[in-house]
Amino acid sequence: MPPPSTSAAVDMRAHTNVFRGLYTMCISRLIFVACILVVLPHSSLAVTTTFRPSSVPLVVQSPYISIWSPADALTDVPTAHWSGPANAMQGLLVMQDGTCLRWMGAASPATPSKCQSAMVQKSVQVYATTTNYVFTTNDGSIQLHARFRTPAASAMRSKKPDLDVLALPATWLDVVVKGTSGARVYVDVAGDLAVANYTVDVSWARASYTGQLGNAAGTVLRIGATSQTFNYYQGWDRVSWGHLHVLADENTDATAAGVTSCREAFVDGKPLPAMDTRASAPAGQSAGSDPVLAVAMQMADGEARTISLLYDIGIAMEYFGTMLAPLYRGTDIDLSAATSDKHASSLFQVLDNQRKALDQACDEVDATVFKDLQSSGGDEYALLGSLAYRQVTGSLAVVYNPIIHEPWVFIKEISSDGDVQTVDVIFPACPIFLYAAPDLLRYQMLPLLVYANNGTAPYGTGIYNYTKPFAPHHLGHWPVCDIMPNQQEDMPMEETGNVLIMLSALARAQGGDKAAVAWLTPFWDLLESWANFLIATLPDPGNQLCTDDFEGPSPHNTNLAAKGVVGLAAYADLQKARGYAGSAKFYMDYAKGFARDWEKLALNKAGDSYKRQYDLDDSWSSKYNILWDKAMGYNLFSDVVYTREVAHYKSRANPYGTPLDERNTFTLVPWLHWISTFDNDFFANATSALFGYVNTTVNRVAMSDWYQTTNAQVVGFAARPVVGGLFAKAWLDTR
């Protein structure tokens, strides 16, 4: 595909290449009218199990634009970024008699005195692309339904995911009021969503919007940092460049002004104040003049109204000297407000044109994911997996690579270190990609393989001379890929095994033949060198780091050794797909020999389980890596290995699951889930334990994967994509 020009990038994608395979054009010319929406929970997905997520996803578009409700009710606390600071959104309802109730956001000094009371939250339901809330008045006579829907997540459900859809930086907030006519609804979004620090100055503007068919008029409000510099606050988890755009329809009052004046005017039944004439102001100083984007809507009984939130980041990543724009921008990396307005308008037109199709896709993905999980493991598994789904999609960035003229996908480690393309983060997350969209693994592997193969020179910073005999750990700190080989956090067997296992699983998912591995042609020598490294290092990895490095050193690690054995078999499997039968046999014979060695060396003296360290007889650990032997059918390890391990895991179980090993009482979500797949009874118990943890933990963060099995308290981490590992059972059952 030739590179799009700067001026034509969006038009090219909007009119010739966007949304391949989607459905017919929306029959309504007004995207925001009630006829295209029914904001109700999925009646076909109703469950009796009550689920209180540790934090509820609202606007989860990317690692930077990731707003959650970390409380039981949407009105209990301010909505917040996954990292903790408030990204405040306030929702108010004023009824015909003038009574004002909050339905989103906590009461604050800027909340009008008449709106201190909150609606009663009746339910919250989280699906793969959608979060549904239902509120009522105290007497139950009036209902308000709020639906947060991020259509990008609907792209992850096919062999060839639609990356144009996955790249959409938009969330729809759909609101319906039932039981009364003449009620009014208000929503505002704080300007701090667009900056990394509340003290940063932001600027705002208002523009009219005309739909793609020429008559779907509306208002677009825009806010962003006054000074636009890519990655100005290096290493911060919140964005410091790009622009937030809020779109409301033509029958909506909308403005950008001080928060107090906007809310007071709405409650008093007055038009919202005129656009604030200040050139700029700090994003948030806890003052009444803090700028917000505010929308007020008159509601008919049962009518659905929509507010669209879109974040155009302008530059998504830097890869060894080359700035990479979001896929929809093509090669355009201009951060100016005028350019952002242009791209936002084009994106809104696409969303307008495809609203019906995207809603249908979201409904189908929500239903398919939930029912697959439910069939595989029951209601609790379906509820956990649906929550994890959006957490994973919110960790991705889809970019256009102007050097090879193709898309790439980057993934952020999120809270543990903020690194880019961390191999031992992609690995635990990979079951969700294998289940939903295997090709996403290829798009994530390419940036790593290019770096390891010394292919970075065309990007501007020269060859980095990666000569290590094993796979790299990561590519840099989000959003910049620039790590030197001597800066790597080396995990030799860990990352080498991870890469080879993922590549083998991907090849199997795409046919397991020559066509499935043709894209690896430039990398075969590299992969062979890594396989030979495993041969040279097994059966004992010695004193190497593994992904569980937060526990401290673990030399002679048997679980790590098992990964190396399976990784060697995975390389043999790739050679088989390639048509190299002799090479496949050579490496598979080595893998089987090492597996026999492992069973002898790792077995404890009692003969009832397998040690954590070869040299510590009283040690034990969760052997989550051998999942891949069973999943791929390599038949390296005897059935008795799984039998003994499961019996031991059951004997060590605490109220919220089996610990990772004998040194501590904590575990990690993907590892507990993976070992649970070895046995149906253990799976049921472990799933209930995992559900109990997320459902009861006092730590209100986007699902943490690291917690105590004794009391469900979070040890560390939040919002990491590794929870995609919860899809291992669903992948095994549906492939």
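Relevant structure appears above.
Model, not experiment: these values are computed from the prediction. Per-chain numbering applies: the sequence of each chain, read as written, is numbered from 1 onward. This being a predicted model, a pLDDT of at least 70 is required before a residue's local features are given, and a value of 80 or more before pairs of side-chain atoms are given or counted; all residues contribute to the totals for chains, interfaces and linings. As a rule here, side-chain values come from all non-hydrogen atoms in the structure, and water together with hydrogens is ignored.

Caption draft 1: Geometry of the packing of aromatic side chains. Pairing of aromatic rings covers Phe, Tyr and Trp, the last counted by its six-membered ring, and requires centre-to-centre distances within 6.5 Å; plane angles under 30 degrees mean stacked, over 60 mean edge-to-face, and any other angle means tilted. All chains considered together, the criterion is met by 45 aromatic pairs. Summarising the aromatic geometry, the rings of Tyr381 and Phe683 are spaced 5.5 Å apart at their centres and angled 85° between planes, so their arrangement reads as edge-to-face. Here Phe683 lies in helix α16 (residues 680-696) and Tyr381 lies in helix α5 (residues 355-393), a separation of 302 residues in the sequence. Of the two residues examined, Tyr381 and Phe683, each falls in the buried class. A helix here means a DSSP run of H or I that spans at least four residues, while a strand means a run of E at least two residues long, and both kinds are numbered starting from the N terminus. Think of it in three bands: with a 1.4 Å probe and only protein chains considered, a residue is buried below 20% of the maximum accessible area for its type, exposed above 50%, and partly exposed in between.

Caption draft 2: Quick look at the pattern of salt bridges. Any Lys or Arg side-chain nitrogen found within 4 Å of a carboxyl oxygen on Asp or Glu counts as a salt bridge. Counted according to the given criterion, the structure contains 30 salt bridges. Note that Lys114 and Asp268 form a salt bridge whose closest N and O atoms lie 3.6 Å from each other. Here Lys114, found in the loop between β5 (100-104) and β6 (120-126), pairs with Asp268, found in the loop between α3 (259-267) and β15 (281-282); they are 154 residues apart in sequence, far enough to count as distant. Given the relative accessible area of 51%, Lys114 is considered exposed. Two residues, Glu551 and Arg663, come together in a salt bridge whose shortest N-O distance is 3.0 Å. Of this pair, Glu551 sits in the loop between α10 (524-537) and α11 (558-578) while Arg663 sits in the loop between α14 (639-651) and β25 (666-668), placing them 112 residues apart in sequence.

Caption draft 3: Representation of the pairing of strand β20 (residues 396-401) within the structure. Of all 6 residues in β20, 6 are buried, a share of seventy percent or more. Here β20 shows a buried face lined by Leu396, Val398 and Tyr400 and a second buried face lined by Ala397, Val399 and Asn401. At least two bridges found by DSSP between two strands are what make those strands a pair. Summarising the sheet, β20 and strand β21 (residues 406-411) pair through 6 bridges and their orientation is antiparallel. Residue pairing across strands places Val399 opposite Trp408, the latter belonging to β21. Between β20 and β21, which pair antiparallel one after the other, the connecting turn spans 4 residues, and His405 there sits at a positive phi close to 60°.

Caption draft 4: Structural detail: the layout of surface pockets. A cavity, in this analysis, means grid points on a 1 Å lattice covering only the protein atoms where a 1.4 Å probe fits yet has no way out; a pocket is instead an open set bounded by protein on both sides within 12 Å along at least five of seven lines, and a residue lines either one if it has an atom within 4 Å of a point. Grid points are joined across faces, edges and corners, and a volume is the space filled by probe spheres set on the points. The computed volume of the largest pocket comes to approximately 510 Å³. Across the lining of the largest pocket, the residue classes tally to 15 nonpolar, 10 polar and 4 charged. Only Asp, Glu, Lys and Arg are considered charged, only Ala, Val, Leu, Ile, Met, Phe, Trp, Tyr, Cys and Pro nonpolar, and every remaining residue, Gly among them, polar.

Caption draft 5: The packing of helix α6 (residues 423-436) against helix α8 (residues 492-509), seen in detail. The axes are straight lines fitted to the C-alpha atoms, using for helices just the contacting stretch, and the angles between their N-to-C directions are given from 0 to 180°. Look at α6 against α8: their axes get within 9 Å of each other, and the N-to-C directions meet at 20°. By the criterion of interaxial angle, the relationship of α6 to α8 is roughly parallel. Pair α6 / α8 crosses with left-handed handedness. Contacts from Val423, Asp424, Ile426, Phe427, Cys430 and Leu434 of α6 reach α8 at Glu494, Glu495, Asn498, Val499, Ile501, Met502, Ala505 and Leu506. Residues belonging to the contact of α6 with α8 are distributed by class as follows: 10 nonpolar, 1 polar and 3 charged. Oblique is the label for any angle not under 35 degrees, not over 145, and not in the 65 to 115 range, which are roughly parallel, roughly antiparallel and roughly perpendicular in turn. The sense of a crossing depends on the near helix, which, turned anticlockwise from the far helix by less than a right angle, makes the crossing left-handed and, turned clockwise, makes it right-handed. By the convention used here, residues are in contact when the closest approach between their heavy atoms is within 4.5 Å.

Caption draft 6: Region of the structure containing the environment of Asn604. Structurally, the position occupied by Asn604 is in the loop between α12 (581-602) and α13 (627-632). Taking the C-alpha atoms as reference, Asn604 lies 71 Å from Gln298; in sequence the two are 306 residues apart. Non-local contacts of Asn604, meaning those with residues more than four positions away in its chain, are made with Ser609, Lys611 and Asp617. A 3.5 Å cut-off defines polar contacts: any pair of N or O atoms within that distance qualifies, except that in protein one atom must be a possible hydrogen donor and the other a possible acceptor, and neighbouring residues in sequence count only when both atoms are side-chain atoms. Only 2.8 Å separates the side chain of Asn604 from the backbone nitrogen of Gly607, close enough to count as a polar contact.

Caption draft 7: Spatial organisation of unusual backbone geometry. Residue Pro479 follows Trp478 across a cis peptide bond; omega there is 5°. Structurally, Pro479 is set in the loop between β23 (476-477) and β24 (480-481). Residue Pro539 follows Leu538 across a cis peptide bond; omega there is 10°. Inspection of the secondary structure assignment puts Pro539 in the loop between α10 and α11. Non-glycine residue His405 carries a positive phi angle of around 60°. By the secondary structure assignment, His405 is in the loop between β20 and β21. At Gln421, a position not held by glycine, the phi torsion is positive, near 55°. The topology assignment puts Gln421 in the loop between β22 (419-420) and α6. Assessed through its relative accessible area of 0%, Gln421 is described here as buried.

Caption draft 8: Up close: the sheet that holds strand β27 (residues 714-716). Read from one edge to the other, the open sheet built from 3 strands follows the order β25-β26-β27, with strand pairing classed as antiparallel. Each edge of the open sheet carries a strand with a single partner, namely β25 and β27. The average undirected angle you get between the axes of adjacent strands in this sheet is 35°. When β25 meets strand β26 (residues 706-708), the two strands line up antiparallel, connected through 3 bridges.

Caption draft 9: Up close: the packing of α6 against helix α7 (residues 439-452). Between α6 and α7, the least distance of the axes is 10 Å, while the angle of their chain directions is 160°. Taken as axis vectors, α6 and α7 run roughly antiparallel relative to one another. Along this stretch, α6 crosses α7, giving a crossing that reads as left-handed. Only Leu440, Leu441, Gln444, Met445 and Leu448 of α7 make contact with α6, whose side of the interface consists of Val423, Ile426, Cys430, Phe433 and Leu434.

Caption draft 10: Geometry of α6. Across its 14 residues, α6 extends 19 Å between first and last C-alpha, which sits within 8% of the 20 Å expected from 1.5 Å per residue. Here the bend at a residue means the angle between the axes of two seven-residue stretches, the one that ends at it and the one that starts at it. The sharpest bend along α6 comes to roughly 50°, located at Ala429, with the proline Pro431 sitting one to four residues further on. In terms of burial, α6 is a largely internal element, 14 of the 14 residues being buried. An expected span of 1.5 Å times one less than the residue number is assigned to each helix.

Caption draft 11: Layout of the side chain of Thr252. Locating Thr252 in the fold gives a position in the loop between β13 (243-249) and β14 (253-258). Side-chain polar atoms of Thr252 contact the side chain of Arg305, separated by 3.0 Å. Each residue touching Thr252, except ones within four places of it in the same chain, is listed here: Val295, Ala296, Met297 and Arg305.

Caption draft 12: A look at the state of the cysteines. Pairs of cysteine sulfur atoms within 2.5 Å are what we label disulfides. One pass over the structure, following the stated rule, counts 1 disulfide. Across a sulfur-sulfur distance of 2.0 Å, Cys100 and Cys115 are joined as a disulfide pair. In this structure the cystine formed by Cys100 and Cys115 twists about its S-S bond by roughly 100°; its chirality is therefore right-handed. In this pair, Cys100 is assigned in strand β5 and Cys115 in the loop between β5 and β6, connecting sequence segments 15 residues apart. Judged by relative accessible area, Cys100 falls into the buried class, the value being 3%. Here Cys430 is not cross-linked by a disulfide; its sulfur's nearest cysteine counterpart is in Cys546, at 17 Å.

Caption draft 13: Seen up close, the pairing of strand β9 (residues 170-178). In terms of burial, β9 is largely enclosed, as 8 of its 9 residues are buried. With 7 bridges connecting them, strand β8 (residues 143-149) and β9 associate as antiparallel partners. Its bridge partner being in β9, Arg147 is matched across the sheet by Asp174.

Caption draft 14: Highlighting α14. Its 13 residues place the ends of α14 19 Å apart at the C-alpha level, agreeing with the 18 Å of an ideal helix rising 1.5 Å per residue. Summarising the contacts, the buried residues of α14 are in contact with α12, α13, α15 (669-676) and α16.

Caption draft 15: A look at the environment of Ser622. Note on placement: Ser622 falls in the loop between α12 and α13. Taking the C-alpha atoms as reference points, Ser622 and Gly314, separated by 308 residues in sequence, lie 43 Å from one another. In contact with Ser622, other than residues within four places in its own chain, are Asn559, Tyr649, Pro659, Leu660 and Ile675.

Caption draft 16: Spatial organisation of the sheet that holds strand β4 (residues 89-94). Reading across from one edge, β5-β4-β10-β16-β14 is the order of the 5 strands in this open sheet, with antiparallel pairing throughout. Looking at which strands have only one partner, the edges of the open sheet turn out to be β5 and β14. Averaged over neighbouring strand pairs, the angle between their axes works out to 25° when direction is ignored. Sheet analysis places β14 next to strand β16 (residues 291-299), joined by 6 bridges and oriented antiparallel. Considered in β16, the bridge of Ala257 is made with Val292.

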